[in-house]
Amino acid sequence: MTASLISTLPGRYYTDPAIFAREQENVFEALWFCAVRGADIPAPGDYRTVQIGRESVLVSRSRSGTVRAFLNVCRHRGARLCTEESGSVRRSFQCPYHAWTYDLDGRLIAAPNLTSMPDVDRAEFGLRTVPVREWLGYVWVCLADEPPSFADTVIGAVTERLGAADAIEAYGTESLALGRRVTYDVRANWKLIIENFMECYHCATIHPELTEVLPEFADGYAAQYYVGHGAEFGEDVRGFTVDGGEGFGTLSGLAAGQDRRYYAITVRPQVFVNLVPDHVIVHRMFPLAADRTVVECDWLYSPEVIGSGRDISRSVELFHRVNEQDFAACERCQPAMSSRSYADGGVLVPSEHHIGEFHDWLLKRLAG
Ligand code: FES
Ligand SMILES: [Fe+2]
């Protein structure tokens with residue numbers, strides 16, 4: 001092959017249910033997975049259920065306020081404990097089948113006729129717990145028997161991209177308030193979404209508003225992936241908004257070099273973090289099938305901006321359009337993944353070569 005071009009993955013990697021099943025096991029169930037925003041379960045008994053790989057995971061808050069996660073499976077005969085995507089219980093989870101009841105720490109506390117079975121060890125029949133970490137205001141869970149180091153895999157990915165360990169801290173993401181959440185149901189494989197996010201060869205073609213705000217994206221070079229580099233706002237641009245108009249005040253902790261810049265970070269396998277001076281945008285992907293990925297996107301602002309009731313719509317609109325443009329591109333590729341034309345895959349131009357490293361990473365994980 002010509003030196004300028006390297007191969008992508010063959011089309012079947014984006015369509016084959018058997019490959020998706022291996023990804024569920026070796027990627028989504030093996031790594032830290034960003035499941036819910038902590039503020040979505042503010043009080044004891046609040047919960048969310050999240051599909052991670054092949055498992056439904058119940059994320060909730062205990063009486064002491066600690067976040068806990070459990071496999072959403074009753075230990076009696078396996079009924080799904082919570083069937084809603086979100087909800088709130090008073091002080092326990094009760095299985096809707098035979099009423100086995102678990103406290104907010106997952107302990108079995110009651111079951112019909114339990115007292116007549118004195119040999120049943122309640123501790124042994126508690127819900128299976130799942131390791132949890134909280135970072136950037138989100139709850140990350142890991143289904144691996146031995147979770148990889150959170151510091152190396154999650155924080156390390158952010159540090160490596162930004163070039164400094166404290167660069168992300170300056171944004172104070174965990175204390176920001178949710179301004180808007182949009183859920184996109186994308187008819188495309190999750191890898192198409194990651195690959196798209198990793199390159200800017202497409203920016204000039206499909207992102208007119210974004211390239212207006214970030215002129216360096218218009219030349220198609222993946223400048224966003226040089227360590228420590230953030231794309232600079234155009235000279236006349238006053239804020240990261242759909243028309244380049246005024247945004248909000250710069251977040252208080254930012255260093256001078258972080259102002260007027262956009263940083264894009266990928267945390268494998270399913271998170272994108274986007275940093276701009278006055279807000280942070282967090283994407284979480286929930287891969288549900290080889291050809292379907294739900295993406296939940298949060299726009300986070302300082303609590304003062306949200307509390308003041310100021311209009312954030314032009315601020316949100318910029319990246320909402322970028323999302324729609326990107327996901328339309330991914331959906332345009334998905335049906336072609338099963339074409340005979342793509343049986344051996346396609347090619348990456350030099351500004352996309354770093355995507356090859358993502359493919360190498362994936363193949364290594366799939367090999368176990
Ligand atoms: S399956 Fe849950 S109580 Fe029987
Ligand atoms: Fe894009």
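Everything quoted here is computed from the prediction, not taken from an experiment.

Caption draft 1: The domain arrangement of the chain, seen in detail. Per the domain assignment, the segments making up the chain are domain 1 (32–137) and domain 2 (165–366). Put simply, the middle of domain 1 and the middle of domain 2, counted by C-alpha atoms, are 33 Å apart. On the side of domain 2, 19 residues touch domain 1, which itself brings 13 residues to the contact. Both faces considered, domain 1 and domain 2 share a buried interface measuring about 1,100 Å² in area, 58% of it formed by carbon and sulfur atoms. Contact with domain 2 buries surface across domain 1, with Cys34, Arg37 and Leu136 losing the most and accounting together for 51% of the total. Our count for the contact surface shared by domain 1 and domain 2 stands at one salt bridge.

Caption draft 2: Here's a closer look at the packing of helix α3 (residues 190–198) against helix α8 (residues 354–366). Running from N to C, α3 and α8 point in directions that differ by 150°, and their axes come no closer than 9 Å. Looking at the two axes, α3 sits roughly antiparallel to α8. For the crossing formed where α3 meets α8, the hand is right-handed. Facing α3, whose interface residues are Trp190, Lys191, Ile194, Glu195 and Met198, α8 presents His354, Ile355, Phe358, His359 and Leu362.

Caption draft 3: Local environment of the coordination of the iron ion (ligand 2). In this structure, His202 (NE2), His207 (NE2), Asp326 (OD) and Asp326 (OD) serve as the protein donors to the iron ion (ligand 2), at separations of 2.0 to 2.7 Å. Here the donor residues of the iron ion (ligand 2) share one chain and are spaced in sequence as H-x4-H-x118-D. With a gap of 119 residues between them, His207 in the loop between α4 (203–206) and α5 (208–213) and Asp326 in helix α7 (residues 313–333) connect regions that are remote in the sequence. When sorted by exposure, His207 lands in the same class as Asp326, which is buried.

Caption draft 4: Highlighting the state of the cysteines. Taken as a whole and judged by the stated rule, the model has one disulfide. There is a disulfide in this structure between Cys200 and Cys203, and the S-S distance comes to 2.0 Å. Disulfide Cys200 to Cys203: torsion about the S-S bond roughly -110°, handedness left-handed. By the burial criterion, Cys200 is buried, and Cys203 matches it. Here Cys34 is not cross-linked by a disulfide; its sulfur's nearest cysteine counterpart is in Cys297, at 12 Å. On the basis of relative accessibility, which here comes to 1%, the residue Cys34 falls in the buried class. Just so you know, Cys330 is unpaired, no disulfide at all, and the nearest cysteine sulfur is the one on Cys333, 6.7 Å from it.

Caption draft 5: Highlighting the sheet that holds strand β11 (residues 132–135). Across the sheet, three strands lie side by side as β2-β12-β11; this open sheet has antiparallel pairing. Pairing within the sheet leaves two strands with one partner each, and these edge strands are β2 (33–37) and β11. Taking each pair of neighbouring strands and ignoring which way they run, the sheet shows an average axis angle of 35°. Of the pairings in the sheet, the one linking β2 to strand β12 (residues 138–141) comprises four bridges and is antiparallel in character. Bridged to Phe33 within β12 is Val141.

Caption draft 6: Looking closely at the environment of Asp121. One can find Asp121 in the loop between β9 (108–110) and β10 (129–130). Using a relative accessible area of 39% as the deciding quantity, one classes Asp121 as partly exposed. C-alpha separation for the pair Asp121 and Leu108, spaced 13 residues apart in sequence, amounts to 9.0 Å.

Caption draft 7: Structural view of the environment of Ser88. Topologically, Ser88 is positioned in strand β6 (residues 86–88). Assessed through its relative accessible area of 51%, Ser88 is described here as exposed. Taking C-alpha positions, Ser88 is 4.1 Å from Asp46, a pair spaced 42 residues apart along the chain. Every residue in contact with Ser88, bar those within four places of it in the chain, is listed here: Gly45, Asp46 and Tyr47. Among the polar contacts listed, one links the side chain of Ser88 to the side chain of Asp46, at a separation of 2.7 Å.

Caption draft 8: Spatial organisation of the packing of aromatic side chains. Taken as a whole and assessed by the stated rule, the structure comprises 19 aromatic pairs. Plain terms: the ring middles of Phe33 and Phe286 are 5.8 Å apart, the flat faces sit at 55° to each other, and that makes the pair tilted. Of this pair, Phe33 sits in strand β2 while Phe286 sits in strand β17 (residues 279–289), and the two are 253 residues apart along the sequence. For the pair formed by Phe33 and Phe286, the shared burial category is buried. With centroids separated by 5.1 Å and ring planes inclined at 70°, the aromatic side chains of Tyr184 and Phe327 adopt a geometry described as edge-to-face. With Tyr184 in strand β13 (residues 177–186) and Phe327 in helix α7, this residue pair connects regions lying 143 residues apart in the sequence. Phe327 carries the same exposure label as Tyr184, and that label is buried. Geometry around Tyr14 places Lys191 over its ring, the cationic atom sitting 4.9 Å from the centre. Here the guanidinium or amino end of Arg268 rests over the ring plane of Trp361, the centre of that ring lying 5.1 Å away.

Caption draft 9: Examining the side chain of Thr8 more closely. For Thr8, the location among the structural elements is in the loop between β1 (6–7) and α1 (17–28). Separated by 3.3 Å, the side chains of Thr8 and Tyr342 make a polar contact. A polar atom in the side chain of Thr8 sits 2.7 Å from the backbone nitrogen of Gly346. Look past the residues within four positions of Thr8 in its chain and what remains in contact with it is Tyr342, Gly345, Gly346, Val347, Leu348 and His359.

Each value, and the rule that gives it
- Residues numbered from 1 in each chain as written.
- Chains lettered and ligands numbered in written order.
- Predicted model: local features only at pLDDT ≥ 70, side-chain atom pairs only at ≥ 80, totals over all residues.
- Heavy atoms only, no water.
- Domains from an automatic or database assignment.
- Contact = heavy atoms within 4.5 Å.
- Buried area = accessible area lost by both parts, 1.4 Å probe.
- Salt bridge = Lys/Arg side-chain N within 4 Å of Asp/Glu carboxyl O.
- Axes fitted to C-alpha atoms, helices over the stretch in contact; angles between N-to-C directions.
- Helix = DSSP H or I, 4+ residues; strand = E, 2+ residues; numbered from the N terminus.
- Parallel < 35°, antiparallel > 145°, perpendicular 65-115°, else oblique.
- Left-handed = near helix turned anticlockwise from the far one by under 90°.
- Donors = N, O, S within 2.8 Å, 3.2 Å for Na, K, Ca; no water.
- Buried < 20%, exposed > 50% of the residue type's maximum accessible area, 1.4 Å probe, protein only.
- Disulfide = S-S within 2.5 Å.
- Pairing = 2+ DSSP bridges.
- Polar contact = N/O pair within 3.5 Å; in protein donor to acceptor, adjacent residues only side chain to side chain.
- Phe/Tyr/Trp six-rings, centres within 6.5 Å; stacked < 30°, edge-to-face > 60°.
- Lys NZ or Arg CZ within 6 Å of the ring centre and 35° of its normal.

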